[in-house]
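Here are the chains, one letter per residue:
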Amino acid sequence: MRKYLLLLLLLPLIAACSTSGDQENKNANYIMTNDFEAFDGWIPANGSLNSEQAHSGKYSIKVDKAQEYSMGFRNFLGKVSSRKPYKVKLSCWAYLPSNKATAHYQLQILEPVTGEKIFEDGVVLTNMINDYRTWVKAEKTIRLPENIAYSHEIRVFLWRANAEVPVYIDDVSLVILE
């Protein structure tokens, strides 16, 4: 009887650990995804991680007059993808209190030694969102330049861009489309 009870307890754990081939392919296309729940207590104090607003869970990141740039994703392209991406989808859930929330959700590719920007694009949140004081999904498909290399650094972050009110994002991702 104890063996059957143990098997019943372990079955959900075993099922959670297994993935189908389609799920593995889907996950291979993600350069990054984050809901900011695991950062509390692990990172240095950063005003952008907050629990004032959240799309899912308890935490999101924000920019405001005191915080020009949010914490962000930063890694070498060769470490996050085994293939060179040509087109990606940048997405987030955003909370804008008003049309004065002019922040940008940015994607940059840089030469790591010199810091030279190879490429920059992003989502101007007020250009995509007209519903205020509610969470809205914002996404943009971006064609990357041919000259990017595995040695280049990729960065994703929220930039205040003169927003006069706090701007929040949560459940962010960057996915390779081709």
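Treat the numbers as computed from the prediction; the structure is a model and nothing was measured.

Basis of the calculations
- Residues numbered from 1 in each chain as written.
- Predicted model: local features only at pLDDT ≥ 70, side-chain atom pairs only at ≥ 80, totals over all residues.
- Heavy atoms only, no water.
- Helix = DSSP H or I, 4+ residues; strand = E, 2+ residues; numbered from the N terminus.
- Buried < 20%, exposed > 50% of the residue type's maximum accessible area, 1.4 Å probe, protein only.
- Contact = heavy atoms within 4.5 Å.
- Areas by Shrake-Rupley, 256 points an atom, 1.4 Å probe, with all protein chains shown as cover.
- Pairing = 2+ DSSP bridges.
- Axes fitted to C-alpha atoms, helices over the stretch in contact; angles between N-to-C directions.
- Salt bridge = Lys/Arg side-chain N within 4 Å of Asp/Glu carboxyl O.
- Core = buried A, V, L, I, M, F, W, Y, C linked by side-chain atoms within 4.5 Å.
- Phe/Tyr/Trp six-rings, centres within 6.5 Å; stacked < 30°, edge-to-face > 60°.
- pLDDT = per-residue confidence, 0-100.

Time to look at the overall build of the protein chain. Scanning the protein chain from terminus to terminus reveals four helices and 10 strands. Secondary structure of the protein chain in N-to-C order comes out as α-α-β-β-β-β-α-β-β-β-α-β-β-β. Counting all 178 residues of the protein chain, 38% fall into the buried class. In the protein chain, of all internal contacts separated by at least 6 residues, the share reaching a separation of at least 24 is 75%. Carbon and sulfur atoms provide 53% of the accessible area of the protein chain, an area that totals close to 10500 Å².

Sheet strands pair by backbone hydrogen bonding; their relative direction is either parallel or antiparallel. In space, the four strands of this open sheet follow the order 4-9-6-7, with antiparallel pairing throughout. At either margin of the open sheet sits one strand with a lone partner, and together these are strand 4 (73-76) and strand 7 (117-124). Across this sheet, the average inter-strand angle for adjacent strands is 15°, counted without regard to direction. Both strand 6 (residues 104-110) and strand 9 (residues 153-159) contribute to a ladder of seven bridges, which runs antiparallel. Looking at strand 9, one finds that Tyr105 is bridged to Leu158.

Here the structure, examined in full by the defined rule, presents 11 salt bridges. Of the charged contacts, one joins Lys87 and Glu178 as a salt bridge, the two residues approaching to 3.6 Å between their closest N and O atoms. Taken together, the residues span a long stretch of sequence, with Lys87 in strand 5 (residues 87-95) and Glu178 in the segment after strand 10 (167-176) at a distance of 91 residues. Lys87 gets classed as partly exposed once you look at its relative accessible area, which sits at 23%.

We now examine the nonpolar core. Core analysis: the largest hydrophobic core is formed by 38 residues, its most contacted members being Tyr105, Leu107, Leu125, Val167, Ile169 and Leu174. Looking at this core element by element, the count peaks at five residues for strand 10. Apart from residues no more than four positions distant in its own chain, Leu107 is found in contact with Val88, Leu90, Phe119, Glu120, Asp121, Gly122, Ile142, Leu144, Ile154, Arg155, Val156 and Leu174.

Next up on the list: the side chain of His104. Following the sequence through the fold, His104 ends up in strand 6. Judged by relative accessible area, His104 falls into the buried class, the value being 17%.

This part covers the packing of aromatic side chains. The way to describe two aromatic rings as a pair is by their centre distance and the angle between their planes. Tallied over the entire structure, the rule returns three aromatic pairs. An angle of 75° between the planes, with centres 5.9 Å apart, marks the rings of Tyr95 and Tyr168 as edge-to-face. Taken as a pair, Tyr95 in strand 5 and Tyr168 in strand 10 lie far apart in primary sequence, 73 residues in all. For the pair Tyr95 and Tyr168, a shared accessibility class is recorded, and that class is buried. Among the aromatic side chains, those forming a connected cluster through ring pairs are Tyr95, Trp135 and Tyr168.

Per-residue pLDDT for the protein chain averages 85, and the proportion of residues at 70 or more is 84%. Strand 5 holds the highest mean pLDDT among the elements of the protein chain, 98, whereas helix 1 (residues 2-17) holds the lowest, 32. Taken as a whole, residues 1-25 scores under 50 in pLDDT and shows one contact with residues more than four places along the chain or in a different chain.

Turning to the environment of Val124, a few remarks are in order. By secondary structure assignment, the location of Val124 is in strand 7. Of the residues examined, Val124 reaches a relative accessible area of 26% and is grouped as partly exposed. Here the alpha-carbon distance between Val124 and Ala101, two residues 23 residues apart in the chain, equals 9.7 Å.

As a further point, take unusual backbone geometry. Even without a glycine there, the phi angle at Arg133 is positive, about 60°. Relative to the helices and strands, Arg133 is located in the loop between helix 4 (125-128) and strand 8 (135-143). You can call Arg133 exposed: its relative accessible area is 60%. Of note, the phi angle at Ala161 is positive, near 50°, even though the residue is not glycine.

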